Amino acid sequence: MGKKILITRANHQAQAFAAATVNSLSGISMNDFVFEPMTEIVHYPFNTARFEEYGGIIMTSMNAAVSLGLNAPARDLLADKPFYCVGEQTKQKIISVGAQDVAICTSTAKELSEAMLKGDKVSLSDGKKFLYMRGRDVTFDIKEALTQGDNTQKYKDRVDEIVCYEARAVERFSPNIAEALSPGDIGLVTFFSKRTAEVFVKLWNEALEKECEYKEAMDGVKALCISQNVAECVYDLFGKSVCIVSKTPDMNGMIQGIKAWSA
């Protein structure tokens, strides 16, 4: 493969995405990736004994599943506890720490909230309480989605939440990015969230003020974004015509975007 792919996700997510891409596409290896996380994940301790209070656990990110593992709950607390999550990677992590019942796994948080409200596999109306394990900042607030509108009075006390991690923005680029961009090795930059896109643009503008060699570094480089909202954050930097939007807002859609770019 010629040009390399720059991944801006937090490190463990970036590694998982790169590995999934290598396993899915021929002609791409781990050497074709440059890792430049725009956030650092900080996990918070919490009392896993609280799980006994709830009829189900909601997770919309892999980071929440990692927090679950780091807090090392007793496996018997998880064995019969249904989980409702977003993403296959999140599901596999939940299972790896002792859960046996992943009741619903969808591609997006919006899809998860819709599936939970349908009541096919779980219903908020049956009296269960749920614990939503979340980050300090979320793009889609599933608690709000489950308890708004006509559901406000019925379900407002049915979903508790706990902030179990925080994604802190990095303050500067690492030496990796300068080394990769200076000779023009990078051909594609991936963005999985609006926040990482905004941080990247901020750091890039700051770097331009200090190092003029960055000025031409983005010439010919494309951006692969998980959604239109994310793409709009980087239009000014890359140019609208070279911003690729994933056909589906998930890891598989991003992998297919890489496939199309590398063809």
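Everything that follows concerns the structure shown earlier in this document.
Please read all numbers here as calculations on a predicted model, not as lab measurements. Counting from 1, residues in each chain are numbered in the order their sequence is written. In view of the model being predicted, local features appear only for residues whose pLDDT reaches at least 70, and side-chain atom pairs are presented and counted only at 80 or more, with totals across whole chains, interfaces and linings using the full set of residues. Where side-chain values are given, they derive from all heavy atoms of the structure, hydrogens and water being excluded.

**Q** Residue-level account of a negative patch on the surface, with values.
**A** Residues enter a patch when their relative accessible area is above 30% and they make no salt bridge; the linking distance is 9 Å between like charges and 5 Å between nonpolar side chains (Val, Leu, Ile, Met, Phe, Trp, Tyr). Per-residue and other accessible areas follow the Shrake-Rupley method at a 1.4 Å probe size, with only the shown protein chains counted as cover for residues. One speaks of a salt bridge when a side-chain nitrogen belonging to Lys or Arg is within 4 Å of a carboxyl oxygen belonging to Asp or Glu. A residue counts as positive if it is Lys or Arg and as negative if it is Asp or Glu; His and the chain ends are not included. Throughout, a charge is located at the NZ atom of Lys, the CZ atom of Arg, the CG atom of Asp or the CD atom of Glu. On the surface, a cluster of negative charge is made up of Glu-52, Glu-53, Asp-76, Asp-80 and Asp-101. Segments assigned H or I by DSSP are reported as helices when at least four residues long, segments assigned E as strands when at least two residues long, and all are numbered from the N terminus. For Asp-101, the location among the structural elements is in strand 6 (residues 101–106).

**Q** Explain the nonpolar core to me, using residue names and the numbers behind them.
**A** In these notes, a set of buried Ala, Val, Leu, Ile, Met, Phe, Trp, Tyr and Cys residues joined through side-chain atoms within 4.5 Å is what counts as a nonpolar core. To sort residues, take the accessible area from a 1.4 Å probe on protein chains only and compare it with the maximum for the residue type: under 20% means buried, over 50% means exposed, and anything in between is partly exposed. One finds Phe-191, Phe-200, Val-234 and Phe-238 to be the most contacted residues of the largest nonpolar core, which totals 49 residues. Top element by residues in this core is helix 9 (residues 194–210). It accounts for seven residues. The contact criterion used is simple: two residues touch if any of their non-hydrogen atoms lie within 4.5 Å. Setting aside residues up to four positions removed in sequence, Phe-200 forms contacts with Leu-6, Thr-8, Met-38, Phe-173, Ile-177, Val-189, Phe-191, Met-218, Leu-237 and Phe-238. Core analysis: the second largest hydrophobic core is formed by 20 residues, Phe-51, Ile-57, Met-59 and Ala-99 among them.

**Q** For the sheet that holds strand 1 (residues 4–7), give the residues involved together with the corresponding values.
**A** Backbone-to-backbone hydrogen bonds join strands into a sheet, with any given pair of strands oriented parallel or antiparallel. Reading across the sheet, the five strands line up as 2-1-9-10-11 and stay open at both edges, with parallel pairing between neighbours. Across the chains shown, the open sheet's two edge strands, defined by having one partner strand only, are strand 2 (33–35) and strand 11 (243–245). Going across the sheet, the axis of each strand differs from the next one's by a mean of 25°, ignoring polarity. Examined bridge by bridge, strand 9 (residues 186–191) and strand 10 (residues 222–225) share four bridges and lie parallel to one another. Within strand 10, the position partnered with Phe-191 by the bridge is Cys-225. Here an axis means a line fitted to C-alpha atoms, over the contact stretch when the element is a helix, while the angle between two N-to-C directions is reported on a 0 to 180 degree scale. In the packing of helix 1 (residues 11–24) onto the sheet, the strands contacted are strand 1, strand 2 and strand 9, and the crossing angle to strand 2 comes to about 170°. Here, strands pair whenever DSSP counts at least two bridges between them.

**Q** Report on the packing of aromatic side chains, specifying residues and quantitative values.
**A** To pair, rings of Phe, Tyr and Trp, with the six-membered ring standing in for Trp, must have centres within 6.5 Å; the planes then decide the type, stacked if under 30 degrees apart, edge-to-face if over 60, and tilted in the middle. Per the stated rule, a full pass over the model turns up 10 aromatic pairs. A centroid spacing of 4.8 Å and a plane angle of 75° characterise the contact between Phe-17 and Phe-192, whose relative ring orientation is edge-to-face. With Phe-17 in helix 1 and Phe-192 in the loop between strand 9 and helix 9, this residue pair connects regions lying 175 residues apart in the sequence. Look at Phe-17 and you get buried, because its relative accessible area is 0%. Overall, Phe-192 belongs to the buried group, its relative accessible area being 12%. Considering the side-chain rings of Tyr-84 and Phe-130, the 5.5 Å spacing of their centres and the 70° angle between planes classify their relative orientation as edge-to-face. One end of the pair, Tyr-84, is in strand 5 (residues 82–86); the other, Phe-130, is in strand 7 (residues 130–135), and 46 residues separate them in sequence. For Tyr-84, a relative accessible area of 1% translates into the label buried. An aromatic cluster of at least three residues, connected via ring pairs, comprises Phe-173, Phe-191, Phe-200, Trp-204 and Phe-238.

**Q** Quick rundown of the sheet that holds strand 3 (residues 39–43)? Include the residues and the values.
**A** As summarised here, the arrangement of the six strands in space is 3-8-7-4-5-6, forming an open sheet in which the pairing is mixed. Looking along the sheet, the strands with just one partner apiece sit at the ends: strand 3 and strand 6. If you compare each strand with its neighbour and ignore which way they point, the axes differ by 20° on average. Taken together, the four bridges between strand 4 (residues 56–59) and strand 7 define a ladder with parallel strand orientation. When the bridges of strand 7 are listed, Met-59 appears paired with Met-133.

Just distances and angles here, no functional claims.
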